[in-house]
Amino acid sequence: MAEFVRKVTIGFKEVHGGQSNPECTHVILTKEEYKELVERISKAERETEEARYIAERNVQDEKRRVRERIDEVEAIFVQKEIEQKKLLDAERKECELQRGLNKNLLRIARERANADRKLRPKKEHTGYVVVTSMEKEHRYKDIDDGHLKHVILWETVLETPYIVRLEEPEVKNLTQELFHENGEWIILRIGINAKYEGGYADMVGNNGWKEHVQYNVMVDRRLKANYRTGYWEIIFLHTKPLSSVPMDMMPRMQ
C-alpha cells in the first residue's frame, strides 16, 4: 500500500492525513504497485495513441471518399460536357448542311423562276422585277392633332422569284434579301435608299423624320400571292418616285 511521506534530513517520515497533508512531499510505492501504475500509464498512452491513429485514419478515409466522390461527379460532368459538345457539333453540322441544301434549292428554284419568266442571265439575276409603280393619295391620321391628312406617295409592286406554293412566313423571311444581298441593297437599284418598318403616320410622327426627307423611304410593306402569274409580289409605298429602273428589272424585256 502506498505511503505518504515527507522529506527529512535523513530519509523520509510518514505524515498523517495522506496526500491531503500539505507536508506530504513523496509517495512510496511497493514494486508491484509501481509496476501496476507504470502498466496503467503505458496502457492509457497506447489507447490514447490508438484512438488518435484511428481518428486520423477515419478522417483520411473520409477525405479520400469525399475526393473520390468529387472526382466521380467531375468525371460525370466532363463526360456530359463532351457528349453535349458532340451533340451540338453534330446539330451544327446538320444545320450547316441543311442551310447549304436550302440555299442550293432556293438557287435552283430562282434559276427556274428566272428561266420561266425569261429573265437573263438566269443564274445571276436577282429574280425581282418591277411590275408597276404609280402615284397614290395616302390618307393618314396625324399623331399630334388627330386630324386626317393626305399626302401623295408612290405605290410599287415587285414580283419576287418565289412561287405562291411557298408559305407567307417563309417568303417574308426570304425577301429580307432585298436589304442585305451581298452587302448592297437590291432595292437600291430602283432608288429606294431607306425603309421604315411602320406606317407613314408613325414615320412622320417621329421627331427625327425631317432629317431624312431627302431619302426615298419605303413604308407599309406587304405581300401578295398572285395566282395568275404564280409568284409572290411585294407591294409597298415610298415617298419619292423610283429612279430609272434597270432593264434587267423590267419584266420580260431583256
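Provided above is the structure to which this section pertains.
Cut-offs used in this document
Residues numbered from 1 in each chain as written. Predicted model: local features only at pLDDT ≥ 70, side-chain atom pairs only at ≥ 80, totals over all residues. Heavy atoms only, no water. Patch = residues over 30% accessible without salt bridge, like charges linked within 9 Å, V, L, I, M, F, W, Y side chains within 5 Å. Areas by Shrake-Rupley, 256 points an atom, 1.4 Å probe, with all protein chains shown as cover. Salt bridge = Lys/Arg side-chain N within 4 Å of Asp/Glu carboxyl O. Helix = DSSP H or I, 4+ residues; strand = E, 2+ residues; numbered from the N terminus. Buried < 20%, exposed > 50% of the residue type's maximum accessible area, 1.4 Å probe, protein only. Core = buried A, V, L, I, M, F, W, Y, C linked by side-chain atoms within 4.5 Å. Contact = heavy atoms within 4.5 Å. Polar contact = N/O pair within 3.5 Å; in protein donor to acceptor, adjacent residues only side chain to side chain. Phe/Tyr/Trp six-rings, centres within 6.5 Å; stacked < 30°, edge-to-face > 60°. Lys NZ or Arg CZ within 6 Å of the ring centre and 35° of its normal. Pairing = 2+ DSSP bridges.

A. Quick look at a nonpolar patch on the surface. On the surface, a nonpolar cluster with roughly 500 Å² of combined accessible area is contributed by V27, L29, Y34, L37, V38 and I41. Counting residues per element, the nonpolar patch draws most heavily on helix α1 (residues 31-116), at four residues. Its location among the elements puts I41 in helix α1. Judged by relative accessible area, which is 41%, I41 ranks as partly exposed.

B. View of unusual backbone geometry. In this model, R120 is joined to P121 through a cis peptide bond whose omega is -10°. Tracing the sequence through the fold places P121 in the loop between α1 and β4 (129-141). Of note, the phi angle at K118 is positive, near 60°, even though the residue is not glycine. Tracing the backbone through its elements, the reader meets K118 in the loop between α1 and β4.

C. Structural detail: the nonpolar core. Ranked by internal contacts, the top residues of the largest apolar core, which has 21 residues, are Y128, L158, L178, I187, I190, I192 and F236. Of all elements in the fold, only β5 (148-163), α2 (168-174), β7 (217-226) and β8 (231-238) reach the threshold of two or more residues within this core. With residues near it in sequence (within four places) discarded, F236 still touches W154, E155, T156, L158, I187, I192, M218, V219, D220 and R221. Grouped together as the second largest cluster of nonpolar side chains are 11 residues, Y140, A194, M203 and W209 included.

D. Layout of the side chain of T239. Mapped onto the secondary structure, T239 falls in the segment after β8. A relative accessible area of 19% places T239 in the buried class. Within the structure, the side chain of T239 is placed 3.2 Å from the backbone oxygen of Y215, a separation counted as a polar contact. Sequence-distant contacts of T239, that is, excluding residues within four places in its chain, are made with L153, Y200, M203, W209, Y215, N216 and V217.

E. Examining the packing of aromatic side chains more closely. With the rule as written, the count across this model stands at two aromatic pairs. An angle of 75° between the planes, with centres 5.1 Å apart, marks the rings of Y140 and Y200 as edge-to-face. Of this pair, Y140 sits in strand β4 while Y200 sits in helix α3 (residues 200-204), placing them 60 residues apart in sequence. For the residue pair Y140 and Y200, the accessibility class agrees, reading buried in each case. Ring centres of F179 and W185 lie 5.3 Å apart, and the angle between their planes is 85°; on these two criteria the pair is classed as edge-to-face. Residue W185 is classed as partly exposed on the basis of its relative accessible area of 25%. Stacked on the ring of Y231, the Lys or Arg R117 has its end atom at 4.9 Å from the ring centre.

F. The arrangement of the pairing of β4 in detail. Across 12 bridges, β4 lies against β5 in antiparallel orientation. By the bridge assignment for β5, T132 is matched with V157. Linkage of β4 to β5, two consecutive antiparallel strands, is achieved through a turn of six residues, within which G146 is found at a positive phi near 75°.

G. Seen up close, the sheet that holds β7. Sheet architecture is open: five strands sit in the order β4-β5-β8-β7-β6, paired in mixed fashion. The two strands at the open ends of the sheet, each matched to only one other strand, are β4 and β6 (194-195). As paired elements, β6 and β7 share two bridges and run parallel to each other. Across the sheet, residue K195 finds its bridge partner in β7, namely M218.

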